[in-house]
Amino acid sequence: MDAGCPRLPDTVLFEIFLYLDHADVLSVGLVCQQWRAVARDEFLWKELFYRYYRVSRDVPRHPGAVSWYDEFQRLYDTIPCVEVQALKEHNDQVLHLSFSHSGCLFASCSKDCTVKIWSNELDISLQHSSNMRPYNWSYTQFSQFNSDDSLLLVSGVFVGPHNSSSGEIAVISMENFTLLSRVRNKPYDVFGCWLNETNLISGNLHRIGRITSCSVLWLNNAFQGIESENVNVVKRLFKIQNLNASTIRTVMVADCSRYDSPDLLLDYEEQLAASSTCPVFDLGSDSEEEEAKPKAPPEAAVQELPAAGGVPAEHGLQQLFDDIMEGRMRPVMTETELETKVAELFVHNRTKPPEPNLLPTDSNSKTKYLIFTTGCLTYSPHQIGIKRILPHQMTTAGPVLGEERRSDEFFDSLDHVIDIHGHIIGMGLSPDHRYLYVNSRAWPRDCVISDPMQPPPIAEEIDLHVFDLKTMKEVKRALRAHRAYTPNEECFFIFLDVSRDFVASGAEDRHGYIWDRHYNICLAKLQHDNVVNSVAFSPVEQELLLTASDDTTIKVWRSPRAVRIRQARRPRPRKLLFSWLMNQKS
């Protein structure tokens, strides 16, 4: 035993462990022989892990971990929580960030109406900036690289006649940064997304009544200005009815081909006995008593939609009008209720049934899901709609628009609906597209919505839900740490991102947050001077994270391990060292 190192019981050493800093705990093996022996004791590290991180003992060790010691070190050393660079080239709020699939580039959108392309090298540098004001844009809000990183989709708010605002999507070539095409997008918070390398999805909205409308989702060829007039460059995908002032927003595409080989399988809770509550960990709280009490928000209802059928719409409408005229309708319906009822009856027999067998059974399936926010009770998005895209729908080639079916005689039904019971403010897919992560602000548990233009008040706490898209079931892993303060009518999107092991999100409380996907614990809070709107992990290096804020900056965060490696790679200042040696000799 080393001199000066007293012999202590292992239990005492373990209690000392609990009060040490991460770095001290990981370096205790350097103190003395006894510390070296205890520092590698698996039982003590397991106990330390569960106590320090407050993880339920029902949660097993990460499937990829070799030991509890290595797992403790992973959660300390690989979290991108060290700020290494602040990018200040934007002069207004930065709204969104997106990486290329190679991780070599990323794009940023801002209220300054530019989209900037950055090079991700040893030090991140600006490579190109496109100003969209000449195209009557008010600001840029979202971007996405296509699968081979040759094209960039940029979504923004377009100022039309009489200062009306709609949306527009621009496609930019990454070869020479030229603008290839522009597509109208309404409402603007549909954002838009890529379906494949050359086709993108946009939206349009048609008003039918005061609170009734129709959303049409279009498939567009990215090279519209180049293709021949004899070739289809646009084709209608789906036409969906909206009730009670709701609209389709925030579209994204999930690829089902990797569902049987996910990066991280969140299945350990399926092995537990059925739990009556869904624990919500308020890791942002300063109160130990508050953290000790599990909070259970209303469960999100996942529902399969029935096929349309039954009483013909014309008969139902006639019966409704007869009941109104003869005074048999009790209680008397308001104008809003009457419009919704008529719309429901009218569309009942004019809607295409949902696709049978939504869940993919073939691991090599080319099926893709179109995922979007929607609603049925009020204008605030409170449901997630899922519609299967079949292989023949993934190209603009084929019959001329409208020839393949009588498009004016029926709507498309949704294949699946997930009811969140709250205002949805963010969605993101895991890299393998198996899991859907959803930020929402909950409604009061027993609230009743009587007026679609008056949605319930929303909570300040943001709940992070997780849904398994293979089973269409919620994984009972709701997290709470981040907060938002704006009311319903001012509520805006807060983008989240998911890597192999972590999930990150912005918040209105001037922080970005990082959680571990397996253990459901908050690992880091990343400081900004204003609202954090967006986060983005590098797709090839999850120890690199970007955050974008209303404070006009983009911050670059790396893990302690990555910082040490990069510092070791930097060339040493040999000239200064030589000068110092010469001075010492003289």
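The structure under discussion appears in the preceding block.
For the structure given in this document, a descriptive report is provided here. None of the values given here were measured: they were computed from a predicted structure. (Residues numbered from 1 in each chain as written. Predicted model: local features only at pLDDT ≥ 70, side-chain atom pairs only at ≥ 80, totals over all residues. Heavy atoms only, no water.)

Quick word on the pairing of strand 14 (residues 249–255)
Part 1 of the reasoning: Most of strand 14 sits inside the fold, with six of its seven residues counted as buried.
Part 2 of the reasoning: Looking at chain direction, strand 14 and strand 18 (residues 368–374) are connected through five bridges and run antiparallel. Bridging from a neighbouring strand, Met 252 pairs with Ile 371 of strand 18. (Buried < 20%, exposed > 50% of the residue type's maximum accessible area, 1.4 Å probe, protein only. Helix = DSSP H or I, 4+ residues; strand = E, 2+ residues; numbered from the N terminus. Pairing = 2+ DSSP bridges.)

Describing the nonpolar core
Part 1 of the reasoning: Core analysis: the biggest nonpolar cluster contains 25 residues, and Phe 49, Tyr 53, Val 55, Ile 514, Tyr 519 and Leu 545 have the highest contact counts within it.
Part 2 of the reasoning: Among the elements of the structure, helix 4 (42–53), helix 5 (68–77), strand 27 (502–505), strand 29 (521–527) and strand 30 (532–538) are those that each provide at least two residues to this core.
Part 3 of the reasoning: Considering every element that reaches this core, the biggest residue donor is helix 4, with five residues.
Part 4 of the reasoning: Among the domains, domain 1 (10–78) and domain 2 (82–259 + 366–401 + 409–567) are the pair contributing at least three residues each to this core.
Part 5 of the reasoning: Beyond its immediate chain neighbours, meaning those up to four positions away, Ile 514 contacts Ile 79, Pro 80, Phe 502, Val 503, Ala 504, Ile 521, Cys 522, Leu 523, Ala 524, Leu 526 and Leu 545. (Core = buried A, V, L, I, M, F, W, Y, C linked by side-chain atoms within 4.5 Å. Domains from an automatic or database assignment. Contact = heavy atoms within 4.5 Å.)

Some points on unusual backbone geometry
As a rule of thumb, non-glycine residues mostly have phi less than zero, and peptide bonds are mostly trans rather than cis.
Part 1 of the reasoning: Cis geometry is found at the peptide bond from Lys 186 to Pro 187, where omega equals -5°.
Part 2 of the reasoning: The residue Pro 187 is located in the loop between strand 9 (179–185) and strand 10 (193–194) in this model.
Part 3 of the reasoning: One non-glycine residue, Asp 149, lies in positive phi territory at about 60°.
Part 4 of the reasoning: On the secondary structure map, Asp 149 appears in the loop between strand 6 (137–145) and strand 7 (151–159).
Part 5 of the reasoning: At Phe 177, a position not held by glycine, the phi torsion is positive, near 60°.
Part 6 of the reasoning: Position of Phe 177 among the secondary structure elements: in the loop between strand 8 (165–173) and strand 9.

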